[in-house]
Structures are given as structure tokens and as C-alpha cells.
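Listed here are the chains, written in short residue letters.
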Amino acid sequence: LPLAAMVAAVGVPVAKMSGRGLGHTGGTIDKLESIEGFHVELSSEDFAKQVNEIGMAVIGQSGNLTPADKKLYALRDVTATVSSIPLIASSIMSKKIAAGSNAIVLDVKTGDGAFMKTVDDARNLAQAMVKIGNAVGRNTMAIISDMSQPLGYAIGNALEVKEAIDTLKGHGPEDLMELCLTLGSQMVVLGGKASTIEEARTKLKEVVTNGAALEVLKKFIAAQGGDASVVDNPEKLPQAKYTFEVPAKETGYVAKIEAEDIGTAAMLLGAGRATKESTIDLAVGLVLRKKVGDQVQEGESLVTIYANSEDVQNVMDKIHKHIHLSKEQVTAPKLIEDI
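Right, let's walk through the structure included here. (Residues numbered from 1 in each chain as written. Predicted model: local features only at pLDDT ≥ 70, side-chain atom pairs only at ≥ 80, totals over all residues. Heavy atoms only, no water.)

## What to know about the overall build of the protein chain
Scanning the protein chain for helices and strands turns up twelve helices and twelve strands. Computed over its C-alpha atoms, the radius of gyration of the protein chain comes to 20 Å, within 12% of the 20 Å expected for a compact globule of 339 residues. Referenced to the eigenvectors of the C-alpha coordinate spread, the extents of the protein chain come out at roughly 55 × 45 × 45 Å. Among the 339 residues that make up the protein chain, the fraction classed as buried is 47%. Considering only intrachain contacts with a sequence separation of at least 6, the fraction spanning at least 24 residues in the protein chain is 74%. (Helix = DSSP H or I, 4+ residues; strand = E, 2+ residues; numbered from the N terminus. Rg over C-alpha atoms; globule rule 2.2 N^0.38 Å. Buried < 20%, exposed > 50% of the residue type's maximum accessible area, 1.4 Å probe, protein only. Contact = heavy atoms within 4.5 Å.)

## What about unusual backbone geometry?
In most cases, non-glycine residues show a negative phi, while peptide bonds are predominantly trans. A positive phi angle is found at Ala80, which is not glycine, with a value near 55°. Position of Ala80 among the secondary structure elements: in the loop between helix H4 (67-78) and helix H5 (85-99). Judged by its relative accessible area of 73%, Ala80 falls in the exposed class.

## Overview of the sheet that holds strand S3 (residues 103-110)
Spatially, three strands are ordered S3-S4-S12 in an open sheet, and the strand pairing comes out mixed. Of all strands in the sheet, those with a lone pairing partner are S3 and strand S12 (336-338), marking the two edges. Pairwise comparison of adjacent strand axes, ignoring direction, gives a mean angle of 35° for this sheet. Where strand S4 (residues 139-146) lies against S12, two bridges are found, and the strand directions are antiparallel. Within the sheet, the bridge partner assigned to Ile144 lies in S12 and is Asp338. (Pairing = 2+ DSSP bridges. Axes fitted to C-alpha atoms, helices over the stretch in contact; angles between N-to-C directions.)

## Here we look at the nonpolar core
Met6, Val7, Ile35, Met56, Leu217, Phe220 and Ile221 are the most contacted members of the largest nonpolar core, which totals 47 residues. Listing elements by their share of this core, those giving two or more residues are helix H1 (2-10), helix H2 (28-32), strand S2 (56-60), S4, helix H7 (157-168), helix H8 (174-190), helix H9 (197-209) and helix H10 (212-223). When residues in this core are grouped by element, the largest group, eight residues, is from H8. In contact with Met6, not counting residues within four places along its chain, are Leu168, Met177, Cys180, Leu181, Leu204, Val207, Val208 and Ala213. Within the second largest apolar cluster, 24 residues are counted, among which are Leu286, Val303, Val312 and Val315. (Core = buried A, V, L, I, M, F, W, Y, C linked by side-chain atoms within 4.5 Å.)

## Structural notes on the pattern of salt bridges
Under the defined criterion, the tally for this structure stands at 18 salt bridges. Put simply, Glu178 and Arg201 hold a salt bridge, and the shortest N to O gap is 2.6 Å. Taken as a pair, Glu178 in helix H8 and Arg201 in helix H9 lie far apart in primary sequence, 23 residues in all. Look at Glu178 and you get partly exposed, because its relative accessible area is 29%. Arg201 gets classed as partly exposed once you look at its relative accessible area, which sits at 23%. A salt bridge links Glu215 to Lys218; the shortest N-O distance between them is 3.4 Å. With Glu215 and Lys218 both in helix H10 and three residues apart, the pair spans about one turn of that helix. Salt bridges linked by common partners bring Asp120, Arg123 and Asp338 together as one network. (Salt bridge = Lys/Arg side-chain N within 4 Å of Asp/Glu carboxyl O.)

## Quick notes on the sheet that holds strand S11 (residues 323-326)
Strand order in this open sheet of three strands is S9-S7-S11, and the pairing throughout is antiparallel. The outermost strands of the open sheet, each flanked by one partner alone, are strand S9 (295-296) and S11. By the bridge criterion, two bridges tie strand S7 (residues 252-257) to S9 in an arrangement that is antiparallel. Bridge pairing in S9 links Tyr253 to Gln295. Sheet strands in contact with helix H12 (residues 313-322) are S7 and S11, and its direction is about 45° off that of S11.

## Looking at helix H11 (residues 259-269)
Helical periodicity: at 3.6 residues per turn, an α-helix aligns residues three or four positions apart in one direction. Taken together, the buried positions of H11 are occupied by Ala259, Ile262, Gly263, Ala265, Ala266 and Leu269. The buried side chains of H11 occupy one side of the element, clustering within an arc of 150° when seen end-on. Directly beyond the C-terminal end of H11, a positive phi value near 115° is found at Gly270. (Arc of directions from axis to C-beta.)

## Thoughts on the packing of aromatic side chains
Tallying each qualifying case throughout the model produces two aromatic pairs. The interplanar angle of 35° and the centroid separation of 6.2 Å between the aromatic rings of Tyr242 and Phe244 together place this pair among those described as tilted. Classification of Tyr242 by relative accessible area gives partly exposed; the value is 27%. Over the ring of Tyr153 we find Lys291, and its NZ or CZ is 5.2 Å from the ring centre. (Phe/Tyr/Trp six-rings, centres within 6.5 Å; stacked < 30°, edge-to-face > 60°. Lys NZ or Arg CZ within 6 Å of the ring centre and 35° of its normal.)

Quick look at the structure:
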């Protein structure tokens, strides 16, 4: 969310097709729907018009965009080929190409919280997708970024929207801002609004400092029926009834945060879907207070739980089990693995 607004504010239009989440937290659409009134049901004419007028639009996957991919996807489910790299590459790229972008920048995740657990698998997937994109005349590049721990601090729908707003105000998490600047600078260069990565990076920082990116976000929310006043008043987003702190059991350093399991802990609160039929609670989730490499004192909070039920013992237990502390100092993982 901060990335699209920053790039659009520099003058490169961003047209995004997104899905709903199945798993730990909601997808982009679920997150955006935590803003009252927001909808993604746009006709292709309105979608194009909005991209041209304000530089940014998000649409849901429509039934008629990649019908062949839908059939292949259903087959992959029942033929144990969901994890086949060539099929993942063609599925992702078919949607990007059909949606009509001239340039495509891909963020391929690697690590515990990602589909591609190893850097080698992530690199193979990235190279396959870049090859497909360039072969059909789309200017395509990929960044391989770390997902061995959650990105930013917030895990949950309204909580992540608030974090995106904070980032555009210039006081979001460092890793989230760094990823936006890395991906964004590639997008700005491919979009022809800067000739070097350094120039693009400077422009992106400027639109955060001068508030232009935040203005784009407001216009985008309003254009899609949402209450844009949440940008200035994030307390209008859905709020959880209860908060609980998860204290560290010893003094030391955070050595490992198992992203996938921490995501599952958020899902137990209702932040994600266990099955397609599950309803999401947009207010609940987790906010990390420490990341890998941070020092922590015994009794200090590792995570804040946002819940609509007072019974969160199973979530606390899961967090304690999957955030590992060490007596020795640990270095934080490298955010950008490769380009």
C-alpha cells in the first residue's frame, strides 16, 4: 500500500490486481476493506480511468481475465503440482500480462514466511518470471526479499493499513520503508520518471517528506468508495476490544521469529482464513515489539496481541514457542537478497 502511493505520487501509474488471503492474514483486498465503504468491484473502464486520473487503483480478480489459469490452478490442487516452479511462474505472469502493464516489478519472497523457503528456489522462480515477461515484450525485473521474519511490525488487516499510513507519514518500520524504496526505485526507472536508481530513490523520499504520497492514498481510498478520513484519523479503522502483552521469559537477543507460525497465531485470533468460507475479523492481529537482532529484557513485551476475545492463551503459547531468544548477540537478516 505505501509502495503504490509513493510510486504514483512520482508520476508512474500503478494498476494492481489483488486477491483475498487464504492463510495467516487477509490479502490486499481484505486489508483495504477494513476501511469503511472501500470496494474493489470496478469495471475495467472505471479501473483504467482511475489509474489515469489519480495514478493508482486496485481491482479484484475478475472471472474473465485469465480463464485458462483458473482451470490450471484447480488442476494443480489435485495433482500435487502447486509447488511446481514453472507452473507458479506461468500462473503469476499470465495475470500480470493480461492486466496490461508495460513494466512489471516482482517482489519474490524467500524464507520461513514465504512460499519459496530457499534463496535458490526464489531465484529460479524470479528468473523464470522475468524470462516470461521479457519474452512477451514487458519490461520485467524481480527483487528477492527476505521473509524469514514478518515485514514491518503489524500482522493483521486494519493494523497493517495503519502501519502503511504511518509509513507514508515518514514514521513506519525501517524494513518496510527500505523495501518500498528498493522496489519503488526500480518501478520509477522502468516507468521512465528517473534515469538512475539513485534519482528515483530521492524522488520517492521527497513525496513522503512533502506529503504527496499520502495525498495519493487519500484520493485512491475516496475513489474506491472508502472513508479517506482514516488517513488522518486511523482510530476510525476497526479496533479490537482487548490488548495483551506477551512478555519475554528471559533477557537476551531475539534470534529467530518463525514468520509462518507467528502468522498462524494471528489467524487463530481471526486475522486470516483457515478455509475459503472463514470470515475475517479485520480488527485483530499482532504487533511485534522486537525484531531479530533486538535486545530484550525479561518481562519486556515481545508482541502485543489485539483480540476480540479474552481467551488468548493458545496464541500466547504459540508466540513464545516460535520467537526464539539467545544469550549471544544476533545480526538481523539481510532484507534484499538479490535483484
